[in-house]
Amino acid sequence: MSKLSATQAQAGTIESIGQENDGKGVTADDAPPQREQWSSKLDFLLALIGFSVGLGNVWRFPYLCYKNGGGAFLIPYLICLVIGGVPLLLLELGLGQLMAQGGIGVWKLAPLFKGIGIASFVIVTLLNIYYNVILAWSLYYLFMSFAAVVPWSHCNNPFNTDLCKDPTGYGVQGTDLWRCDYINKNETYPTDVPLITDLTNATDDQLNCTVIGATNRTSSVTEFWERKILQIHLSTGLEDIGGFNWQLTLCLLLAWALVYLCVFKGVKSSGKVVYFTATFPYIFITILFVRAITLENAVEGLKFYVEPNATRLLDGKVWLDAATQIFFSYSLGLGNMAALGSYNAYNHNFFRDGIIFAVVNSGTSLYSGVVIFAVLGFMAGQQGVPVADVVESGPGLAFIAYPEAVVQMPITPLWAILFFVMLLLLGIDSEFVGVEGMITAIIDFFPSMQRGNKRPLFVLGICTMLFLAGLPMTCHGGMYVFQLFDNYAASGFALLWVAFFEATVIGWVYGAENLYRDFEDMLGWRPNPYLKICWMVVTPVFTLGICIFSLVSYRPLEFGDYSYTEVGQAIGWLMALASMVQIPFFVVYQMIMAQGSLKERWVLLTTPKRTPRSDKLPIQVLQTSAPFGIDNVNMELPSYDEVNM
């Protein structure tokens, strides 16, 4: 084996890292299988947009914005974007392209911290489990849209309550509330409808519609969501999630079947799928935008959206949600940005694509917010309540506000079908790229799974396991399980924890200047120093600060009127810790297992383990440096097989 001192590594170059085979170097048999690449440069950009611009923008951003006071949420959101989101986005894309590895393999750049990749893998696995449930909801709505009259547009379904009120302002036919709806509008109700005695036994003249009209009513759209799609009224909480909603279970099965068909052949096929899935939704969002802003009272919702409530900025939960939304919608800390970048040619301009993607991503969130809040203003006017009280803030907000907007359009079933097809497309490309990133990370460790017919069977096994893991969220109380995943497993503290270590390790262990030289080698020009400042100081301080701020102001999880018990909260924290502990665990484990003095172990485990890329245009020279000035430490370079462990 060849030897190299840390001093030599700092001053010189490494032309090959590999196992010596009788002086022949690395043979063709030792080389890894050829890595797939995008068919064209546009494939990569559209894959970025298709994966990250999705339900996180049109579903999660509006509900977090509504939950956290509208305009007050936009301030921390934009701050988090500039000092955390964009620097980490370019970092992950660049690492993937540099190393041609997925979310775990890129940390061969600092092997001691490969736990970052493992943590990302755990997070994206949990995310893939619950994200597809949203697609199941979309499919359920889509199937229910194939009706002459969509069922959420009226109150005459078997699941509706007497307090239901449809978007046109009428309740359940035959009830006193229904009669008063007509009387208060100076209209005559249909006489061929049998009357139902529910609140009083009065005639029209005896009805006190002023008092009855003040009754707190529920939108027919809300009741359809809660009592038909979720059937959450049949559950009392996490301790009683009830039986399966079999229609939703079948929709989840179909959703996973669609994901499988998108990913089982690899990026060359999935890269073409995003040409349609990443572009069509914008057409429909624009149509909804035009209709939403012309609705009566829409301006009140838009005021709530843009006018900040400064007092909410003192709430740590608002900042945590803002940072989480950036990481969620930009898919940071999941390893998937690195996986997508790994399929680029070495000299691809990932920096340009990353900036374009950032503008499109946040622009889509803000654009979707206009549609949502315009509809909420309309709903508030219909129900006679403030915008802040029109619906329960939660993951279902988009499944209430958007269907409400669709009802206001002519030929409602057609628009409903188009809308939920759009929602399906937005979600499915995010999901299948998420699964692709997860599979890439595994295949990087087991390259043989890529050969022959092994990949389709391997992907089928992964999809089956993820489907089974998501089944509890199709039960009557599945939303209570969903909330745990959404608040703990793939967001909040876990993502901030990973982001902190990503920036810190690159900034101080591998070295921000070293990565800048790598970026310059790939791009042909040197990026602005701002990114280096963020990686070294701003992003670590900011992410750690939000974590501390949020812990100090932590409140137990609630959903509607339900407060999670200590057991429920413990389950949530276990989900978060499942990823967070990977980083310190692997640091301690590797330091214990390595040989030599403490300095020798540190140098060995923080020296990059990189293999030459065959598609690199400049002369192959691998720059390395010993961190923190440690030198004169002899170490044995790993063999090629060890490098790919």
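Here, residues in each chain are numbered from 1, in the same order as that chain's written sequence. Side-chain atom pairs in this predicted model are given and counted only at pLDDT of 80 or more, local residue features only at pLDDT of at least 70, and totals for whole chains, interfaces and linings cover all residues. Heavy atoms from the whole structure form the basis of all side-chain values; hydrogens and water molecules are not counted.

J.: Lay out the overall build of the protein with the relevant residues and their values.
T.: Helix and strand definitions follow DSSP, with helices as H or I runs of at least four residues and strands as E runs of at least two, each counted in order from the N terminus. If you tally the helices and strands in the protein, you get 25 helices and eight strands. Partly exposed residues are those whose accessible area sits between 20% and 50% of the maximum for their type, while under 20% is buried and over 50% is exposed, using a 1.4 Å probe and protein chains only. With 645 residues in all, the protein has 59% of them scored as buried. In the protein, 81% of the contacts between residues at least 6 apart in sequence involve partners at least 24 apart. Accessible surface area values rest on a Shrake-Rupley calculation with a 1.4 Å probe, where residue burial reflects the displayed protein chains alone. As displayed, the protein offers around 25400 Å² of accessible surface, 63% of which is attributable to carbon and sulfur atoms. In this description, contact between two residues means that some pair of their heavy atoms is separated by no more than 4.5 Å.

J.: Run through a nonpolar patch on the surface, naming residues and quoting values.
T.: Exposure above 30% relative accessible area and the lack of any salt bridge qualify a residue for a patch; like charges then connect within 9 Å, and the nonpolar side chains Val, Leu, Ile, Met, Phe, Trp and Tyr within 5 Å. Salt-bridge detection follows one rule: a side-chain nitrogen of Lys or Arg within 4 Å of a carboxyl oxygen of Asp or Glu. On the surface, F585, V588, Y589, I592 and M593 cluster together into a nonpolar patch covering about 540 Å² of accessible area. With respect to the helices and strands, the residue M593 is situated in helix α23 (residues 582-593). Given the relative accessible area of 53%, M593 is considered exposed.

J.: Kindly report on the packing of helix α8 (residues 220-230) against helix α16 (residues 398-407), identifying the contributing residues and their values.
T.: As a rule, the C-alpha atoms of each element are fitted with a line to give its axis, helices using only the stretch in contact, and angles between N-to-C directions run from 0 to 180 degrees. Remark: α8 packs on α16, axes separated minimally by 9 Å, with the N-to-C direction vectors making an angle of 135 degrees. Classified by the angle their axes make, α8 and α16 are oblique. Crossing of α8 against α16: the hand is right-handed. Residues V221, T222 and W225 of α8 form the contact with α16, whose participating residues are F399, I400, P403 and E404. For classification, angles of less than 35 degrees are called roughly parallel, those exceeding 145 degrees roughly antiparallel, those between 65 and 115 degrees roughly perpendicular, and all remaining angles oblique. For any helix crossing, the convention is left-handed if the near helix is rotated counterclockwise from the far helix by under a right angle, and right-handed if that rotation is clockwise.

J.: I'd like a description of the state of the cysteines, backed by residues and values.
T.: The disulfide criterion is simple: two cysteine sulfur atoms within 2.5 Å. One pass over the full model with this rule turns up one disulfide. Put simply, C155 and C164 are joined by a disulfide, and their sulfur atoms are 2.0 Å apart. Given an S-S torsion of about -75 degrees, the disulfide between C155 and C164 has left-handed geometry.

J.: Please give an account of the side chain of S145 that cites residues and values.
T.: Tracing the backbone shows S145 in the loop between α5 (115-144) and β3 (164-165). In this structure S145 comes out as buried when scored by relative accessible area, which is 0%. From its side chain, S145 meets the backbone oxygen of Y141 in a polar contact 2.8 Å long. Apart from residues no more than four positions distant in its own chain, S145 is found in contact with V150, W152, P413, A416, I417 and F420. Contacts described as polar in this section are N or O atom pairs within 3.5 Å, which, within protein, must combine one atom able to donate a hydrogen with one able to accept it, while residues neighboring in sequence count only if both atoms come from side chains.

J.: Account for the pattern of salt bridges, with residues named and values stated.
T.: Counted by the stated rule, this structure contains eight salt bridges. For D315, the salt bridge is made with R555, and the minimal N-O distance between the two is 3.4 Å. In this pair, D315 is assigned in the loop between α12 (298-306) and α13 (316-329) and R555 in the loop between α21 (530-552) and β5 (558-559), connecting sequence segments 240 residues apart. Taking the shortest distance from any N to any O, the salt bridge between K317 and D321 comes out at 3.5 Å. On the criterion of helical spacing, the pair formed by K317 and D321 is a turn pair, its members being four residues apart in helix α13. Overall, the relative accessible area of 24% leaves K317 in the partly exposed class. For D321, a relative accessible area of 6% gives the class buried. Through salt bridges with shared partners, a single network forms among E513, E520, R526 and K532.

J.: Which residues make up the environment of R291, and what are the values?
T.: Following the sequence through the fold, R291 ends up in helix α11 (residues 280-292). By relative accessible area, which is 26% here, R291 ends up partly exposed. Taking the C-alpha atoms as reference, R291 lies 8.2 Å from Q408; in sequence the two are 117 residues apart. Contact partners of R291, with chain neighbours within four places excluded, come to Q408 and M409.

J.: So what's going on with the nonpolar core? Residues and values would help.
T.: With 197 residues, the main nonpolar core has W137 and L376 as its most contacted residues. Counting five residues, the second-largest nonpolar core is a separate cluster that includes Y170, W178, Y189 and V193. Working definition of a nonpolar core: buried Ala, Val, Leu, Ile, Met, Phe, Trp, Tyr and Cys residues. They are joined through side-chain atoms within 4.5 Å.

J.: Before we move on, can you summarise unusual backbone geometry with the specific residues and values?
T.: The backbone phi angle of S331 is positive, close to 60 degrees, even though this residue is not glycine. Following the sequence through the fold, S331 ends up in the loop between α13 and α14 (336-341). Note on S331: relative accessible area 4%, which makes it buried. Unlike most non-glycine residues, I411 shows phi in positive territory, near 55 degrees. Inspection of the secondary structure assignment puts I411 in the loop between α16 and α17 (412-445).

J.: Go over the packing of aromatic side chains, please, and point to the residues and values.
T.: Ring pairs are drawn from Phe, Tyr and Trp, using the six-membered ring of Trp, whenever the two centres fall within 6.5 Å, and their geometry is named by plane angle: stacked under 30 degrees, edge-to-face over 60, tilted for the rest. One pass over the structure, following the stated rule, counts 42 aromatic pairs. A ring pair is formed by W497 and F501, whose centres lie 5.0 Å apart and whose planes are at 65 degrees; its orientation type is edge-to-face. One end of the pair is W497 and the other is F501, both in helix α20 (residues 493-523) and four residues apart, which spans about a single turn. By relative accessible area, which is 27% here, W497 ends up partly exposed. Taking relative accessible area as the criterion, F501 reaches 18% and is therefore assigned buried. Between Y562 and Y564 the ring centres are 5.0 Å apart and the planes differ by 70 degrees, which places this aromatic pair in the edge-to-face class. For Y562, a relative accessible area of 11% puts it in the buried group. For a lysine, the NZ atom is tested; for an arginine, the CZ atom; a charge sits over a ring if that atom is within 6 Å of the ring centre and within 35 degrees of the ring normal. Positioned over the ring face of Y516 is K532, at 5.2 Å from the centre of the ring.

J.: Give a description of the packing of helix α3 (residues 55-67) against helix α19 (residues 478-489) that names residues and reports values.
T.: The contact between α3 and α19 brings their axes to 14 Å, and the two run at 85 degrees. Regarding the angle of α3 to α19, the classification is roughly perpendicular. When α3 is examined against α19, the residues W59, R60, Y63 and K67 are found in contact with a partner set consisting of F482, D486 and N487. Considered class by class, the residues forming the contact of α3 with α19 number three nonpolar, one polar and three charged. Amino acids outside the nonpolar list (Ala, Val, Leu, Ile, Met, Phe, Trp, Tyr, Cys, Pro) and the charged list (Asp, Glu, Lys, Arg) are all regarded as polar, and Gly is one of them.

J.: Please set out the side chain of S120 residue by residue, giving values where relevant.
T.: Relative to the helices and strands, S120 resides in helix α5. Taking the relative accessible area as the measure of exposure, S120 reaches 2% and is therefore buried. Beyond its immediate chain neighbours, meaning those up to four positions away, S120 contacts G333, L334, G335, V498 and E502.

J.: Residue-level account of helix α18 (residues 454-470), with values.
T.: With 17 residues, α18 extends 25 Å between its outermost C-alpha atoms, agreeing within 8% with the 24 Å of an ideal straight helix rising 1.5 Å per residue. Taken together, the buried positions of α18 are occupied by R455, F458, V459, I462, C463, L466, F467 and G470. If you follow the buried residues of α18, they end up packed against α5, α9 (246-263) and α17. Helices are assigned an expected span. That span is 1.5 Å times one less than the residue count.

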